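Below are the chains, spelled out letter by letter.
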Amino acid sequence: MSTTLENKALRINDVALDFTADSSEGKIEFHKWAGDSWVVFFSHPKDFTPVCTTELGEVARKSAEWKKRNCKVIALSVDGVEEHKKWTADINETQNTKLDYPILGGQGAKDAANLYGMIHPNASDTFTVRSVFFIDPKKKIRAQITYPAAVGRNFDEILRVVDALQLCDRAGVATPVNWKQGGDCIIPPSVSDEDAKKKFPKGFKTLKPYLRVTPQP
Ligand code: BEZ
């Protein structure tokens, strides 16, 4: 596995590169820390900023939701760990929560940000943008999103993507537009009708030969 610090784009199904960095909870060896969990690895531009404060608070308020999905969360900004610790008190106070996940910081976090392409030079040479990497238990990147500094992310959507990825893996379906937990699913075109009958005992509707809908398995 390459651990070059060049800012190469990581893409879907690439291995989520390993790194070591300090965090608000001590030194993190990323792959070891991830263990056999799913991971949502997200960056934010800067400590002591308003949008980031609301985002990190929301991630902590969703603690039980991440656990339900065997999903760990980890944040990164290029500020130092001592700043992260001071800022955490503000987040807890203003967002009515208690942060229970690590925030990576310092030089190791800067290196990791470069590895993961979280610094977009045309946005800022020094700050990370709002990146999110969805990483499965085999350490593969399964999805990613990127928002600019001024736009806070929707962590309900991020949970929805974790749900969809886990469902696709478990049941061999795909999820249609605006899918939510419990909604109808799509049978991938690679599955024949004959196999679909065996695989999806709840049955399916064929709207077009390439568009078959089944209740969520
Ligand atoms: C914020 O989190 O509010 C923020 C951070 C960097 C630039 C702009 C806004």
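Bear in mind the structure is a predicted one, so any value in this text is a computation, not a measurement. (Residues numbered from 1 in each chain as written. Predicted model: local features only at pLDDT ≥ 70, side-chain atom pairs only at ≥ 80, totals over all residues. Heavy atoms only, no water.)

A. Quick peek at the site of the ligand. All residues adjacent to the ligand are Pro45, Thr49, Pro50, Val51, Cys52, Arg130 and Ala149. Thr49 has a polar side-chain atom sitting 3.0 Å from an oxygen atom of the ligand. Within the side chain of Arg130, an N or O atom sits 3.0 Å from an oxygen atom of the ligand. In terms of residues, the shell around the ligand owes the most to one element, helix 2 (residues 50-61), which gives 3 residues. (Near = heavy atom within 4 Å. Polar contact = N/O pair within 3.5 Å; in protein donor to acceptor, adjacent residues only side chain to side chain. Helix = DSSP H or I, 4+ residues; strand = E, 2+ residues; numbered from the N terminus.)

B. Looking closely at the domain arrangement of the chain. Along its sequence, the chain is organised into domain 1 (20-152) and domain 2 (172-214). Each of domain 1 and domain 2 has a C-alpha centre, and these two points are 35 Å apart. (Domains from an automatic or database assignment.)

C. Seen up close, the nonpolar core. Within the largest apolar cluster, 25 residues are counted, with the highest numbers of intra-cluster contacts made by Val40, Phe42, Leu56, Trp66, Tyr101 and Phe134. Of all the secondary structure elements, the ones that give two or more residues to this core are strand 3 (38-43), helix 2, strand 4 (71-76), helix 4 (81-95), strand 6 (130-135) and helix 6 (155-171). If one sorts the elements of this core by residue count, helix 6 sits on top with 6 residues. What Phe42 contacts, discounting residues up to four positions off in sequence, is Leu56, Val59, Ile74, Ala75, Leu76, Tyr101, Ser131, Val132, Arg153 and Phe155. With 24 residues, the next largest nonpolar core counts Leu17, Leu115, Met118 and Ile119 among its residues. (Core = buried A, V, L, I, M, F, W, Y, C linked by side-chain atoms within 4.5 Å. Buried < 20%, exposed > 50% of the residue type's maximum accessible area, 1.4 Å probe, protein only. Contact = heavy atoms within 4.5 Å.)

D. Structural detail: the pairing of strand 9 (residues 205-208). Summarising the sheet, strand 9 and strand 10 (residues 211-214) pair through 3 bridges and their orientation is antiparallel. From the neighbouring strand, Lys205 faces strand 10, where its bridge partner is Val213. (Pairing = 2+ DSSP bridges.)

E. Structural view of the packing of helix 2 against helix 4. Across the interface, helix 2 lies against helix 4 with an axial gap of 9 Å and an inter-helix angle of 75°. In terms of orientation, helix 2 and helix 4 fall into the roughly perpendicular class. Here Cys52, Thr53, Thr54, Leu56, Gly57 and Arg61 of helix 2 come into contact with helix 4, specifically with Trp87, Ile91, Thr94 and Gln95. (Axes fitted to C-alpha atoms, helices over the stretch in contact; angles between N-to-C directions. Parallel < 35°, antiparallel > 145°, perpendicular 65-115°, else oblique.)

F. Main features of the sheet that holds strand 4. Taken in spatial order, the 7 strands of this open sheet run 2-1-5-4-3-6-7, and their pairing is mixed. Both edges of this open sheet fall to strand 2 (28-29) and strand 7 (141-147), since each of them pairs with a single strand only. Sheet analysis places strand 3 next to strand 4, joined by 6 bridges and oriented parallel. Paired with Ser43 across the bridge in strand 4 is Leu76. Its contacts with the sheet place helix 4 against strand 1 (20-23) and strand 5 (103-105), and it is angled at close to 150° to strand 5. Strands strand 3, strand 4, strand 6 and strand 7 of the sheet are contacted by helix 6, whose axis makes an angle of about 150° with strand 3.

G. Inspection of the sheet that holds strand 8 (residues 185-186) at higher detail. Spatially, the 3 strands line up as an open sheet ordered 8-10-9, and their pairing is antiparallel. At either margin of the open sheet sits one strand with a lone partner, and together these are strand 8 and strand 9. By the bridge criterion, 2 bridges tie strand 8 to strand 10 in an arrangement that is antiparallel. Counterpart to Ile186 in the pairing with strand 10 is Val213.

H. Helix 5 (residues 106-115), seen in detail. If you check which residues of helix 5 are buried, you get Gly108, Ala109, Ala112, Ala113 and Leu115. End-on view of helix 5: buried residues confined to an arc of 155°, all on one side of the axis. Where helix 5 is buried, its residues contact strand 1, strand 4 and strand 5. Positive backbone phi, approximately 65°, marks Gly117, located one or two places after helix 5. (Arc of directions from axis to C-beta.)

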